[in-house]
Amino acid sequence: MDLRERLRDTDEILLHYVPLHSLLADWGKDLESHLSEWIINNPEKYQDALRQSFAAGCDFACTMTQSSSPWRAEPFGLRDRIHELNWRSAKLAKEVTPPGRYVLAIVSTTNPDFLEPLGNMTYDEVYEGYKEQISALLEGGIDVFLIVGNHIDEALIAIEVARDLCDVPIISQNIFYSTKNGFRTMMGDNPIKASAKLEEVGVDVIGGSCGLMTKSLDTSEWYPAATTLIKEMRKGCRGPLSIQPDAGLAQLADGKTVYPVSPEEMVDEVKAWVDAGARIVGGCCGTSLEHYRKISAAT
Ligand SMILES: [Zn+2]
């Protein structure tokens, strides 16, 4: 059964991908190196991490290519290697993905410049840049896109490119921040408006990820804040939703980045996410394999 049929014909809850950038940091990936370049230089570690995430119950192997667009690879001196970075990561993920699980190709918004009028990049530049990345991911055999980021107009261009090139399902997630007026994207859209824009262009799953779910330092408020976000997104769209909050606010302890919200706190809230409309659940930065084992056992 392909992913679209599964979302349409069953009420299964699927587990999002383990945020491998957090896991690989514990396995020797330094902060300075480019993630895709590190992955293709350490293929056995990447594939081992994916195997472990499948064993923990994940349904998706992520290509971790969020920094492999022309714009984000350029500062690392990798502008000429876009095809290799994306194609190779996708192929490595495909090699270890069992039947019934999916290779998830992550595509993110531009950085450091933005689409005009806020930035200096033209529609054509952004379209062509995404085309270069997305074509290579497709060649690597990916099953589904995760188009995620801070800038919905750029995400809409990436969605357009994907639609022009293929019929692969698309999950699109906005990064939301807690503000005094409620959740907002970096560009100021609320979850209702942001979700409605994505539904209008026909993406398969709409969601929220990463970002700042609450400003409270009380960890027990972190995952319930994600429930509030799902309920808000639900007001703007009718299709399946996904949610992927960080495991709290990053903190520095003994020179290492740690995230404070526990697997147990996540399990306690997952049912509320599902009741609010989420069909794909998981966590972003700092979410460990243990978080996934626990939510896999509970869903
Ligand atoms: Zn994150």
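Everything that follows concerns the structure shown earlier in this document.
Residues numbered from 1 in each chain as written. Predicted model: local features only at pLDDT ≥ 70, side-chain atom pairs only at ≥ 80, totals over all residues. Heavy atoms only, no water.

Asks: What am I meant to see in the packing of aromatic side chains here?
Replies: Aromatic rings in a pair are described by how distant their centres are and how their planes are angled relative to each other. Within this structure, the stated rule accounts for four aromatic pairs. Summarising the aromatic geometry, the rings of Y123 and Y127 are spaced 6.0 Å apart at their centres and angled 35° between planes, so their arrangement reads as tilted. Placement of both Y123 and Y127 in helix α7 (residues 123-139) is noted, with a separation of four residues, approximately one turn of the helix. Among the residues examined, Y127 registers a relative accessible area of 13% and is labelled buried. (Phe/Tyr/Trp six-rings, centres within 6.5 Å; stacked < 30°, edge-to-face > 60°. Helix = DSSP H or I, 4+ residues; strand = E, 2+ residues; numbered from the N terminus. Buried < 20%, exposed > 50% of the residue type's maximum accessible area, 1.4 Å probe, protein only.)

Asks: Before we go on, may I ask you to explain the pairing of strand β11 (residues 278-281) in this structure?
Replies: Residues in a regular strand project their side chains so that they alternate between the two faces of the sheet. Summarising the sheet, strand β1 (residues 14-15) and β11 pair through two bridges and their orientation is parallel. By the bridge assignment for β11, L14 is matched with I280. For strand β8 (residues 241-244) and β11, the ladder comprises three bridges, and the chain directions are parallel. Across the sheet, I243 pairs through a bridge with V281, a residue of β11. (Pairing = 2+ DSSP bridges.)

Asks: Help me understand the coordination of the zinc ion in this model?
Replies: Six octahedral donors at a metal ideally form angles of 90 or 180 degrees, and four tetrahedral donors ideally form angles of 109.5 degrees. Protein coordination of the zinc ion is provided by C210 (SG), D246 (OD), C284 (SG) and C285 (SG), with donor distances spanning 2.2 to 2.3 Å. Here the zinc ion binds four donor atoms, and the angle range of 97 to 119° at the metal identifies the geometry as tetrahedral. Donor residues for the zinc ion sit on one chain with the sequence pattern C-x35-D-x37-C-C. Taken together, the positions of C210 in strand β7 (residues 205-212) and C285 in the loop between β11 and α12 (289-298) put the pair 75 residues apart, joining distant regions of the chain. With a relative accessible area of 19%, C210 lands in the buried category. (Donors = N, O, S within 2.8 Å, 3.2 Å for Na, K, Ca; no water. Tetrahedral: all angles 85-135°; square planar, octahedral: opposite > 155°, others 65-115°.)

Asks: Hey, could you run me through the nonpolar core in this one?
Replies: Here is a general trend for soluble globular proteins: nonpolar side chains tend to be buried in one another's company. Counting 97 residues, the largest nonpolar core has L20, F60, Y130, F145, I243 and W273 as the members making the most contacts within it. Excluding its chain neighbours within four sequence positions, the residues that come into contact with Y130 are W71, V107, S108, T109, T110, E154, I157, A158 and V161. (Core = buried A, V, L, I, M, F, W, Y, C linked by side-chain atoms within 4.5 Å. Contact = heavy atoms within 4.5 Å.)

Asks: Explain the pattern of salt bridges to me, please; I cannot follow it from the model alone.
Replies: Think of it this way: side chains of opposite charge can pair up when their charged atoms draw near. Applying the stated rule across the entire model yields 18 salt bridges. Between K94 and D143 there is a salt bridge, with the nearest N and O atoms lying 3.0 Å from each other. Taken together, the residues span a long stretch of sequence, with K94 in helix α6 (residues 82-96) and D143 in the loop between α7 and β4 (144-149) at a distance of 49 residues. Residue K94 is classed as partly exposed on the basis of its relative accessible area of 37%. Classification of D143 by relative accessible area gives partly exposed; the value is 23%. A salt bridge links D189 to K193; its shortest N-O distance comes to 3.4 Å. Among the residues examined, D189 registers a relative accessible area of 7% and is labelled buried. Three or more residues joined by partner-sharing salt bridges are found here, namely R4, R163, D167 and D204. (Salt bridge = Lys/Arg side-chain N within 4 Å of Asp/Glu carboxyl O.)

None of the figures reported here should be taken as evidence of function without further support.
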